[in-house]
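Structural features, examined
Residue-level listing of the chains:
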Amino acid sequence: MLSETLWEIAKAEVENRGISGGEGDGLEIGEKSVFFIGSKNGGKTTIILRCLDRDEPPKPTLALEYTYGRRARGHNRVRVFPKDIAHFWELGGGTSLLDLISIPITSDTLRTFSIVLVLDLSKPNDLWPTMENLLQATKSHIDKMIMKLGKTNSKAVSEMRQKIWSNMQKDHPDRELVDPFLIPLVIIGSKYDIFQDFDSEKRKVMCKTLRFVAHYYGASLMFTSKSEALLLKIRGVINQLAFGIDKSKSICVDQNKPLFITAGLDSLSQIGSPPVPNNDIGKLHARSPMELWKKVYERVFPPKSMNTLKDTKDPARDPQYAESEVDEMRIQKDQVSILNIYFISS
């Protein structure tokens, strides 16, 4: 039916493939969703494939893509264990397709949803605009869905708040200074192998800034690369989101090593103030701590112009998806549209 959402179609496809039936019928099956957003060509697909043990080359993501994974809760000869299902969504195009964020995140899926933001550390000038646009758009939509859910199930919203705030100790000094997402958020810095060769002062600015943003939004923060050891750590984190595997308590805040900080374990006192001379802070005229960190970051890594940052809005015009016959028909259609506009305005 045309009225079906992409989520409903994907879920129906999973059920049709026999995932929710035939393997322990009548047993409860857990379902969670993980939504990957982030830098274009930042490595989102690679991380998903690695988590699903799929040995295949990553392909460019067109718009919004979906796949799934499943995992048995246990195994013995006597008892049949159900398999939990993880729905993996991936938003392509960097920041160019923000409207699609609303498709997988609904008031029905909110309680079992997680966000993974993948940022390309090798492109520091693009990092803040990408991070800011995606986080703002995602948080805005989540807040709308929270309000919608609250009208019909206020208890569920209350439980979500309690669960997120439980990541931070009750006596944590920053509890009144942060504004966490109400669903789990993980920020992954990719291409650490390139980032580690940056000047130490630049690495310091990027590490401290990302630590502040992650802490403010109640997110976990970790760096990864093609290194098998780092990919295994990331896989463990994603498995925790997707299948409820025990959360890692390890932490690394050394800017000379790949960061790994679980949500709630950092603090503003450990992060320190923005890396700028004290007599310069007053000149930045920031209205909030987040804006101050943004101004300091952009002094070191000025963002590119919006024209160069803007990705292809219309995937049909992206050269990597070129098809001569289809493109020729598209050109003819556009020409007809232009003629129609001309005659209407004449």
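Residues numbered from 1 in each chain as written. Predicted model: local features only at pLDDT ≥ 70, side-chain atom pairs only at ≥ 80, totals over all residues. Heavy atoms only, no water.

The cut-off we apply is this: UniProt positions are given in the numbering used here, feature names are shortened, and annotations may be inferred rather than shown by experiment.
The name recorded for the protein chain in an unreviewed UniProt entry is Cytoplasmic dynein 2 light intermediate chain 1, from Ailuropoda melanoleuca. Its UniProt record gives the protein chain a comment under Sequence similarities (unreviewed entry), which states: "Belongs to the dynein light intermediate chain family."

1. Let's talk about the overall build of the protein chain
Selection rule: Helical segments are the DSSP runs of H or I of at least four residues, strand segments are the runs of E of at least two, and each set is numbered from the N terminus. When accessible area is computed with a 1.4 Å probe and restricted to protein chains, residues below 20% of their type maximum are described as buried, those above 50% as exposed, and intermediate ones as partly exposed. Between two residues, a contact is recorded if the distance between any of their heavy atoms is within 4.5 Å. The protein chains shown are the only cover counted for residues, whose accessible areas, like all others here, come from Shrake-Rupley with a 1.4 Å probe.
The secondary structure content of the protein chain amounts to 12 helices and 8 strands. For the protein chain, the proportion of its 346 residues judged to be buried stands at 41%. In the protein chain, once contacts between residues fewer than 6 apart in sequence are set aside, the share between residues at least 24 apart is 72%. As displayed, the protein chain has an accessible area near 19300 Å², and 51% of this comes from carbon and sulfur atoms.

2. Focus on the environment of Ile103
Positionally, Ile103 belongs in the loop between β3 (83-91) and β4 (113-120). By relative accessible area, Ile103 is classed as partly exposed at 26%. As for Ile103 and Trp89, which are separated by 14 residues in sequence, their C-alpha atoms are 10.0 Å apart.

3. A few points about the pairing of β4
Put simply, the rule is: The pairing criterion for strands is at least two bridges between them, as found by DSSP.
Summarising burial for β4: 8 of the 8 residues are buried, a large majority. The alternating pattern of β4 places Phe113, Ile115, Leu117 and Leu119 on one face and Ser114, Val116, Val118 and Asp120 on the opposite face, and all of these are buried. Sheet topology note: the strand β1 (residues 31-38)/β4 ladder contains 6 bridges and is parallel. When the bridges of β4 are listed, Ile37 appears paired with Leu117. The sheet contact formed by β4 and strand β5 (residues 185-190) spans 6 bridges and is parallel. Bridge pairing links Val116 to Val186 in β5.

4. With respect to unusual backbone geometry
One non-glycine residue, Asn41, lies in positive phi territory at about 60°. Among the residues examined, Asn41 registers a relative accessible area of 59% and is labelled exposed.

5. Focus: the pattern of salt bridges
Two side chains of opposite charge can pair, provided their charged atoms sit close to one another. Note the following rule: In the sections that follow, a salt bridge refers to a side-chain nitrogen of Lys or Arg positioned within 4 Å of a carboxyl oxygen of Asp or Glu.
Using the criterion set out here, one finds 10 salt bridges in the structure. Across the salt bridge formed by Glu132 and Lys294, the nearest N and O atoms sit 3.2 Å from each other. You can see Glu132 sitting in helix α3 (residues 124-152) and its partner Lys294 sitting in helix α10 (residues 289-300), a full 162 residues away along the chain. Measuring nitrogen to oxygen at the nearest pair gives 3.6 Å for the salt bridge that ties Asp143 to Lys139. One end of the pair, Asp143, and the other, Lys139, are both in helix α3, 4 residues apart, so they sit about a helical turn from each other. Classification of Asp143 as partly exposed rests on a relative accessible area of 34%. Exposure remark for Lys139: the relative accessible area of 15% places this residue in the buried category.

6. A word on the state of the cysteines
Simply put, the disulfide is a covalent bond whose two ends are the sulfur atoms of two cysteines. Stated formally: To count as a disulfide, a pair of cysteine sulfur atoms needs to be within 2.5 Å.
With the rule as written, the count across this model stands at 0 disulfides. Sulfur of Cys207: no disulfide; nearest cysteine sulfur belongs to Cys252 and is 9.3 Å away. The class of Cys207 is buried, set by a relative accessible area of 3%.

7. Focus: the packing of aromatic side chains
Note the cut-off: To pair, rings of Phe, Tyr and Trp, with the six-membered ring standing in for Trp, must have centres within 6.5 Å; the planes then decide the type, stacked if under 30 degrees apart, edge-to-face if over 60, and tilted in the middle.
Counting across every chain of the model gives 13 aromatic pairs. Ring plane angle 35° and centroid distance 6.0 Å describe the contact between Trp128 and Tyr297, whose orientation is recorded as tilted. Taken together, the residues Trp128 in helix α3 and Tyr297 in helix α10 connect sequence positions 169 residues apart. Since its relative accessible area comes to 1%, Tyr297 is described here as buried.

8. What to know about the packing of α3 against helix α6 (residues 200-216)
Put simply, the rule is: The angle between two axes is taken between their N-to-C directions and runs from 0 to 180 degrees, where each axis is a line fitted to C-alpha atoms and a helix contributes only its stretch in contact. Oblique is the label for any angle not under 35 degrees, not over 145, and not in the 65 to 115 range, which are roughly parallel, roughly antiparallel and roughly perpendicular in turn. Side-chain classes are defined by residue name, with Ala, Val, Leu, Ile, Met, Phe, Trp, Tyr, Cys and Pro counting as nonpolar, Asp, Glu, Lys and Arg as charged, and the others, Gly among them, as polar.
α6 packs onto α3 with a crossing angle of 5° between their chain directions and a minimal axis gap of 12 Å. Relative to α6, the element α3 is oriented roughly parallel. Of the residues in α6, those in contact with Pro124, Leu127, Trp128, Met131 and Leu135 of α3 are Met206, Thr209, Leu210 and Val213. Each residue belonging to the contact of α3 with α6 can be placed in one class, and the counts come to 8 nonpolar, 1 polar and no charged.

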